[in-house]
Amino acid sequence: MTLACAFALSLFCHIGICRATRPTKFVIKSLAVGIVGTIALAAANSVAGKTWILEAYIFFSAWILYVMAFINLLNSVTLTMLSLLQADIGNTASRARLSAALSDDSGFDERYEMMKQSGLIIHRDNTITLTPAGLRLAQAVSLVRKLLAIC
Amino acid sequence: MHSYPLLILALVFFAFFLTYARLKRLPASKHMYRDTNRAHFILFIGYTVTSIAFAERTGAWNEESLVAGALGAYVYFSLYYAFVFPFIGLARNSISINILTTIRQIEIEGLSAVRELIHDRMTESGLGPQGLRESRLYQLTYLGLATHNEGKYRMTVVGRIVYRVMAIILSVWRQNRL
């Protein structure tokens, strides 16, 4: 199986899965298809007696690039602003109207809700606490931030 | 020529880049994307020059060495753009990640993580929605997607094309924007 064929086939499956299921858990579905595609490509090349590590790496990194680009598209505040402009008469909108794409309250509230659903935080009254999973993630991020000198 | 020496060379140059970025604290700089991208590209030039010198020296200057060099270049770029670059962006700009780390910091200080305190801490450090919103409003005009005149934003032809293309892509995958 060539690399291009494997990628095209995985992309086709990914589109099929996304269209057939509800538009949630995009990251999990995408990573699952990418991992299965990588394993299938490596197995096919291994059976054919070809070197498989390099092709598997190229496939997986290209898949990650594709998924990252798509996630950016889904999360794009700029695109939300464009859709507000598109919806308004004369494709014109005020600064205040565009700012509604990411208001202070909605910016925080949407994320609190998502994090609560993902089991990372517990939101009780006005106080927010980390769950063990949330704490592990926060610790991992802090560690990599230190390693890469990000903050 | 076998591709492994040039692949190993690409990994060595990538390790140089990571070390340099860490020592110079490039991901923490004000212009983190520009600074880290520039350092990454300069070291790519170093990789290219070294690869050519290596091919010359071993007398393997042919089509196969070009393919090996291109594979090395792919590895060098993909390690950065598929893994390191998104993580730097996520760790610095993601509101969710910053909420998590801010709560952890507040808990370490022995305080109670009430919403107002989290919001204040994030706004102070420019990590809240306000900073992100301002940068996106700036991007709209900087990328030519809209013009800004007397407090009003007007979509340009480029903005309309970009919006339609993105809308088509999302509809093919049947996804909704978050």
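Our subject is the structure listed above.
Throughout what follows, the structure given in this document is the object of discussion. For every chain, the first residue of the written sequence is number 1, and numbering continues from 1 onward in sequence order. As they are written, the chains are lettered A onward and the ligands numbered 1 onward, keeping that order. Totals for whole chains, interfaces and linings use all residues, but because this is a predicted model, local features are given only for residues with pLDDT of at least 70 and pairs of side-chain atoms are given and counted only at 80 or more. Hydrogens and waters are ignored; side-chain quantities use all the structure's heavy atoms.

Should DSSP find at least two bridges between two strands, the strands are regarded as paired. Each helix is a run of DSSP H or I of at least 4 residues and each strand a run of E of at least 2, with the numbering of both proceeding from the N terminus. Pairing is antiparallel in the open sheet, where 3 strands are placed in the order S1(A)-S2(B)-S1(B). Looking at the sheet topology across the chains shown, the edges are occupied by strand S1 (92–94) of chain A together with strand S1 (146–149) of chain B. Averaged over all pairs of adjacent strands, the angle between their axes in this sheet comes to 25°, without regard to strand direction. Pairing of S1 of chain A with strand S2 (residues 152–155) of chain B involves 3 bridges; the strand directions are antiparallel. If you follow Ala93 of chain A over to S2 of chain B, its bridge partner there is Tyr153 of chain B. Structural elements are reduced to axes, namely lines fitted to C-alpha atoms, with helices fitted over the stretch in contact, and the angle between N-to-C directions of any two is expressed from 0 to 180 degrees.

The working definition used for a salt bridge is a side-chain nitrogen of Lys or Arg within 4 Å of a carboxyl oxygen of Asp or Glu. Within this structure, the stated rule accounts for 6 salt bridges over all chains. A salt bridge links Arg95 of chain A to Glu134 of chain B; its shortest N-O distance comes to 2.5 Å. Here the residue Arg95 of chain A occupies a position in helix H5 (residues 95–99), and Glu134 of chain B occupies one in helix H6 (residues 129–142), the pair thus bridging two chains. One salt bridge in this structure joins Glu109 of chain B and Arg121 of chain B, with 2.7 Å as the shortest N-O distance. With a gap of 12 residues between them, Glu109 of chain B in the loop between helix H4 (95–108) and helix H5 (115–124) and Arg121 of chain B in helix H5 connect regions that are remote in the sequence.

This paragraph deals with the environment of Tyr81 of chain B. Within the fold, Tyr81 of chain B resides in helix H3 (residues 63–93). C-alpha separation for the pair Tyr81 of chain B and Asn37 of chain B, spaced 44 residues apart in sequence, amounts to 9.6 Å. In this view, Tyr81 of chain B contacts Leu65 of chain A together with Asn37, His40 and Pro86 of chain B; residues no more than four positions away in its chain are not counted. Throughout, a residue-residue contact means that at least one pair of heavy atoms, one from each residue, lies within 4.5 Å.

Residue and element names in this part refer to chain B. Relative to the helices and strands, Ala10 resides in helix H1 (residues 4–23). Whether a residue is buried, partly exposed or exposed follows from its accessible area with a 1.4 Å probe, protein chains only, as a fraction of its type maximum: under 20%, in between, or over 50%, in that order. For Ala10, a relative accessible area of 1% corresponds to the buried category. Each C-alpha atom of the pair Ala10 and Asn149 lies 48 Å from the other, and the pair is 139 residues apart in sequence. Ignoring sequence-local partners within four residues, the contact set of Ala10 consists of Tyr47, Gly72 and Tyr76.

Moving on, we come to unusual backbone geometry. Excluding glycine, residues mostly carry a negative phi; peptide bonds, for their part, are mostly trans. Residues and elements named next belong to chain B. Phi at Arg25 takes a positive value of approximately 55°, unusual for a residue other than glycine. On the secondary structure map, Arg25 appears in the loop between H1 and helix H2 (32–58). A positive phi angle is found at Glu150, which is not glycine, with a value near 50°. Mapped onto the elements, Glu150 comes out in the loop between S1 and S2.

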